[in-house]
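# Chains, contacts and geometry: an overview
These are the residues of each chain, in order.
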2 protein chains.
Amino acid sequence: MDPHLLRTYVSVARLASFSAAARELGYTQSAVSQHVAALEADLGMPLLGRRPVAPTPAGERLLEHAASLLLRLDAARADLARFAAPPRETLTLAAAPLALHPRVLAALPATGVTVRTLPRDEVPAAVATGAADLGLVDGLAAPSDPLRLPDVAPVTARPVAEEGLVVALPANHPLASRATSATAPATSATAPATSATAPAGATTAPATSADAGTLTAPAPGLVLADLVDARWLDAPDAGFPLDRLRAVHGAPAGRGFRAALRYEGTDARTLTALAAAGHGLALLPASAAGLGVPGAVFVPLAAPRLVHRTELLHAGREPAGPAAELVRRLGPRTAAGR
Amino acid sequence: MDPHLLRTYVSVARLASFSAAARELGYTQSAVSQHVAALEADLGMPLLGRRPVAPTPAGERLLEHAASLLLRLDAARADLARFAAPPRETLTLAAAPLALHPRVLAALPATGVTVRTLPRDEVPAAVATGAADLGLVDGLAAPSDPLRLPDVAPVTARPVAEEGLVVALPANHPLASRATSATAPATSATAPATSATAPAGATTAPATSADAGTLTAPAPGLVLADLVDARWLDAPDAGFPLDRLRAVHGAPAGRGFRAALRYEGTDARTLTALAAAGHGLALLPASAAGLGVPGAVFVPLAAPRLVHRTELLHAGREPAGPAAELVRRLGPRTAAGR
DNA sequence: CACTCTCCATCACGAACGCTTATGACCTAC
DNA sequence: GTAGGTCATAAGCGTTCGTGATGGAGAGTG
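Attention here is on the structure that accompanies the text. What you are looking at is a predicted structure, and each value in this text was computed from that prediction instead of being measured.

### Here we look at the pattern of salt bridges
Residues and elements named next belong to chain B. Counted according to the given criterion, the structure contains 28 salt bridges over all chains. Of the charged contacts in the structure, one is a salt bridge between aspartate 138 and arginine 120, with a shortest N-O distance of 2.9 Å. A residue pair is termed long-range when its members are at least 10 positions apart, and aspartate 138 in strand β5 (residues 134–141) and arginine 120 in the loop between β4 (113–117) and α6 (123–128) qualify at 18 residues. In this structure, arginine 329 and glutamate 325 form a salt bridge, with 3.2 Å as the shortest nitrogen-oxygen distance. Of the two residues, arginine 329 and glutamate 325 both sit in helix α9 (residues 322–330), 4 residues apart, roughly one turn of that helix.

So, in structure tokens, the structure goes:
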């Protein structure tokens, strides 16, 4: 199980071609063929079906292991390199689409910052391999529970903020009347000041309701179970995967929360605009109301009791340089939670 | 970062000797020297100080990574091998010293079972590498919270049981009067029936306090904070590491919970006997009262609100063979918790 | 059906690598 | 000072690894 062989195997499996993998890796097709043969001989089982080139069941299994192993290998390299090199002056921040919390924006240094939006599950890898100094990931969790991050990469997580969840609707949607606040503000402020000062861990109650018309008799929010049969935006890279909603609701994978329009991209504002245009519902953090999307209505999610939690990731034990400063500003308490 | 080089590096660091590592690995001392030199050249930094042979700070860091990487490499191998081979007939169970819960004992098949007690942090590795089919780990956690397992190995955890915690004392200890029940039963039953039928997740309330008189209120149990200055048994392989108690109490590492006698071993009954003999306090699951150690008194822990949680580990997605049967008997609910 | 194109497997060869033996430099013990 | 231990270095040599060339197997085309 030489990592070299694993690397070529992963390439071959991904490209479904020995020749293409050879081109990508700078090898000869012959070498790639020998690599795969060596790996299959080492493990004593076929890994790839030829013609067409596709992984066997065992090969599929190996792909999962190999991805994790190679990532951790790179992460170890990066960690050691970071250990020796002097701390960088610049700060690169990898953020999931909905994770760029106002609290973080307020704590960023004035210069030398690069922000990169990535799909949610690529952020830990970016932090681990050193492609980014810090990462911001978000997700659904019970109040004050840590996020269940995939343990593909060794990173340390610190809580940043928790806030309520809302469902984005077009203004003419039948359920829009349950919104507690008015439509989105006209000014498209980049950093909404609401909840920017809320301490992490505090469950942001849906306070400061604008008008009291919807408070008592009509439901103050939506129940996710009532939206199982609705049409949702399928935005695996920008919002929450629909399977996540199904898991939260307890539905089996593939049942309920049907997809309407599918959005392949990582822009949270685009996603909100699509919801506002009636192409499907979207579950968003409450601060999405500050995105300034005209025509969007946000209805708080009343049940199940979930929060949108944001966590800050860094590699290794303690960050250094500007990353350390940012961590210090965001998290005065070092070991948060259990 | 060839795993071969990592393996030799780990051996050299552990044995603090190039020559000894060469003997252990079946290499020449020269080869080991070249391995280390190659690794240092690859990473561009010294890893070992010579004379005496000791890791540099960067080398210490690499050791952590290397241990995890090599373990995962072995785990991947074992998983693939398991994937191809027919399911085994026998069942090997690796259990932490306090994790062999009566519920599990009751569910074991009649024949073909091997139980192996290991230190707590070696159990996941044993399961991942295939040295054991299933693992049982225990730990302190908030009620219904999953254990925080070190992610050194890719394993799947399922809850088995939760029960209260007790502090083991000798009968003549000043705090022994706070015990709720009498001393250990005379009969040394192998499988205590108490709490064997208690459902998982039920917090064992400290009920039926014995007598009053010590302080203002007749405390029905002990508060961990009152025992910070007591002398504790230091049994890193059998009980809970003292650092774990310090972390629970919020004390900095190394402060409080001083060690009295140190026990190097994995026998829970021995540990209880040491506590009964007055060599120090020990924090144990409530079912330890059934170990049948004469002279031992067990006082429930009233605060902080913690439970002794037991989880079952298995490698891969789904177990096969007798392991699958055991998992099925223990965990009717497949996906437990969040 | 022949032809061609592309794909992957196999063979042979040169270069590079990896391990061993042998030797040197250095330290500690007596 | 010598002996015994350590680790580093050099030379030798077998093995491995990658390349280039060749061959068989399908797929598409006329």
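### A few points about the packing of helix α4 (residues 57–84) of chain A against helix α4 (residues 57–84) of chain B
Running from N to C, α4 of chain A and α4 of chain B point in directions that differ by 180°, and their axes come no closer than 10 Å. With respect to α4 of chain B, the axis of α4 of chain A lies roughly antiparallel. Residue classes in the contact of α4 of chain A with α4 of chain B are distributed as 16 nonpolar, 4 polar and 6 charged.

### Some thoughts on the protein's contact with DNA strand D
Neighbouring DNA strand D are 18 residues, the closest being Thr28 and His35 of chain A together with Ser19, Ser33 and Arg50 of chain B. Each atom of DNA strand D within 4 Å of the protein belongs either to a base or to sugar and phosphate, the latter forming 55%. Measuring from a base oxygen of DNA strand D, one finds a side-chain N or O atom of serine 30 of chain A at 2.8 Å. Between DNA strand D and histidine 35 of chain A, the relevant distance is 2.7 Å, taken from a phosphate oxygen to a side-chain nitrogen or oxygen of the residue. When residues of the surface near DNA strand D are traced back to their parent elements, those giving at least two are α3 (29–43) of chain A together with α2 (18–25) and α3 (29–43) of chain B. Considering every element that reaches the surface near DNA strand D, the biggest residue donor is α3 of chain A, with 4 residues. A per-class count over the surface near DNA strand D returns 4 nonpolar, 11 polar and 3 charged.

### Observations regarding the side chain of arginine 120 of chain B
All names here are of chain B. We classify arginine 120 as buried; its relative accessible area is 16%. A polar contact is formed between the side chain of arginine 120 and the side chain of aspartate 138, at a distance of 2.9 Å. In contact with arginine 120, other than residues within four places in its own chain, are Ala96, Pro97, Leu98, Val137, Asp138, Asp237, Ala238, Gly239, Phe240 and Pro241.

### Notes on the interface of chain A and chain B
The interface is formed by 29 residues belonging to chain A together with 29 residues belonging to chain B. The junction of chain A with chain B conceals about 3,000 Å² of combined surface from both sides, 62% of it contributed by carbon and sulfur atoms. Linking chain A with chain B are 4 salt bridges. Here aspartate 42 of chain A and arginine 77 of chain B are joined by a salt bridge, their closest N and O atoms 2.5 Å apart. One can count 6 residue pairs in polar contact (both at pLDDT 80 or more) joining chain A with chain B. Looking at the side of chain A that touches chain B, the elements with two or more residues in it are α3 and α4 of chain A. In terms of residue count, the dominant contributor to the side of chain A that touches chain B is α4 of chain A (17 residues). Residue composition of the side of chain A that touches chain B, by class: 15 nonpolar, 3 polar and 11 charged.

So, how was this worked out
Residues numbered from 1 in each chain as written. Chains lettered and ligands numbered in written order. Predicted model: local features only at pLDDT ≥ 70, side-chain atom pairs only at ≥ 80, totals over all residues. Heavy atoms only, no water. Salt bridge = Lys/Arg side-chain N within 4 Å of Asp/Glu carboxyl O. Helix = DSSP H or I, 4+ residues; strand = E, 2+ residues; numbered from the N terminus. Axes fitted to C-alpha atoms, helices over the stretch in contact; angles between N-to-C directions. Parallel < 35°, antiparallel > 145°, perpendicular 65-115°, else oblique. Nonpolar A, V, L, I, M, F, W, Y, C, P; charged D, E, K, R; others polar. Near = heavy atom within 4 Å. Polar contact = N/O pair within 3.5 Å; in protein donor to acceptor, adjacent residues only side chain to side chain. Buried < 20%, exposed > 50% of the residue type's maximum accessible area, 1.4 Å probe, protein only. Contact = heavy atoms within 4.5 Å. Buried area = accessible area lost by both parts, 1.4 Å probe.

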